[in-house]
Amino acid sequence: MGTKMSTLSVPAMGHSPRDDVVLLHNAFKGFGCDTLAVINILAHRDAIQRGIIQQEYQALYREDLLKRLSKELTGKLEDAILLWMQDPPSRDAIVVRKALTGNYINLKAVTEVICSRTPTQIQVFKQIYLQRFGSYLEHDLERRASGDHKKLLLAYVSVKRYEGFEVDGLIAQKDARDLFGAGENRLGTDENTFIRIFTERSKAHLAAVDSIYRTMYGNSLEMAVKKETSGLFEYGLLTIIRCAENPAKYFAKVLHKAMKGLGTDEAALTRVIVTRTEIDMLYIKAEYEKKYQKTLVDDVYSETSGNYRDFLLALLCSQH
């Protein structure tokens, strides 16, 4: 991508946080809000810059920028920008808390966030969850989730999994055999074996188990999970195995589903685009195009509108 292209909507480089703060304040002044100016600044600042902008705004105008944004913006654009202004673990905590305690309980969103994060990310966002909401994540999961799905989530947020790439081939083989014995090779399903292996093993290990499983039984773990389990429990297991193998492909699928058919699931669109922009959005865009023969940008453009669309497209088109 040439540099010319990227300077179209991005404010000139060399901007200082103080300049940004003054421009934001000007955008809020008078009747109504210059929403495009707000988007143009905030969508193109990385996490550190956004943090500094908040501090500078407070220092200069004795006002909390997030509160001011909340006054000036509404609806899904407000949700998206306020989420973007947080650091990643705070975002996860906010999304999960809202999905567990809001007007609309969304256990699918809870499962997506928890089962796609690393053990380190989970530990940090659990601490923030407790600090911010005065409640343990485990307690809220205990209250809202049920059955095997609840067991899976509680184990996943508490087990400290290995995060490296080394795999013990013998243990991976044993796990593949155990999973076959717990599922496809018996009547009924031994869910506890699935929970134990999926929550205790590293991503690299699970990817190896899947490969061994295919060789030994001619079937993927994903297929075994689909045959043997259902509902939110199935969704959790699938999220874990898909994110172990290719998180970008997993999130491309979530985004496609959010825009497919009648209506758009804006909460899912906001959640994935905002939380993945600074992590793996380039890969997600590539996977999306490969799988659906359309670009993510084109689909977001045709499925959204107004300033909300402007903001999502600004995130998708800026390289953080």
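Before going into details, it helps to say that this report is about the structure given with it. (Residues numbered from 1 in each chain as written. Predicted model: local features only at pLDDT ≥ 70, side-chain atom pairs only at ≥ 80, totals over all residues. Heavy atoms only, no water.)

In this section: the pattern of salt bridges. Under the defined criterion, the tally for this structure stands at 25 salt bridges. Close ionic contact of Glu63 with Arg68 constitutes a salt bridge, the shortest N to O distance being 3.4 Å. Across this residue pair, the class does not change: Glu63 and Arg68 are buried. A salt bridge links Asp140 to Arg143; the nearest nitrogen and oxygen atoms lie 3.0 Å apart. Of the two residues, Asp140 and Arg143 are both situated in helix 10 (residues 137-144); the distance of three residues between them amounts to about one turn of the helix. Overall, Asp140 belongs to the buried group, its relative accessible area being 1%. A cluster of three or more residues bridged by salt bridges with shared partners is formed by Glu63, Arg68, Lys71 and Glu72. (Salt bridge = Lys/Arg side-chain N within 4 Å of Asp/Glu carboxyl O. Buried < 20%, exposed > 50% of the residue type's maximum accessible area, 1.4 Å probe, protein only. Helix = DSSP H or I, 4+ residues; strand = E, 2+ residues; numbered from the N terminus.)

With that out of the way, let us pick up the packing of helix 11 (residues 147-158) against helix 16 (residues 231-245). To characterise two packed helices, one gives the angle between the axes of the helices and the distance between these axes. Contact geometry of helix 11 with helix 16 gives a least axis separation of 8 Å together with a crossing angle of 35°. The two elements helix 11 and helix 16 meet at a crossing, and its hand is left-handed. Here Asp148, His149, Leu152 and Tyr156 of helix 11 come into contact with helix 16, specifically with Leu232, Phe233, Gly236, Leu237 and Ile240. Class assignment of the residues belonging to the contact of helix 11 with helix 16 gives a composition of six nonpolar, two polar and one charged. (Axes fitted to C-alpha atoms, helices over the stretch in contact; angles between N-to-C directions. Left-handed = near helix turned anticlockwise from the far one by under 90°. Contact = heavy atoms within 4.5 Å. Nonpolar A, V, L, I, M, F, W, Y, C, P; charged D, E, K, R; others polar.)

Right, let's get into helix 10. Inspection of helix 10 places Leu137, Asp140 and Leu141 among the buried residues, and these make up the whole buried set. Down the axis of helix 10, the sector holding all buried residues measures 100°, keeping them to one side. The inward-facing, buried residues of helix 10 contact helix 7 (88-101), helix 8 (107-116), helix 9 (119-133) and helix 11. (Arc of directions from axis to C-beta.)

Right, let's talk about helix 20 (residues 296-303) for a bit. By the burial criterion, the buried members of helix 20 are Leu296, Asp299 and Val300. Viewed along the axis of helix 20, the buried residues span an arc of 100°, placing them on a single side of the element.

What is shown is where atoms sit, not what they do.
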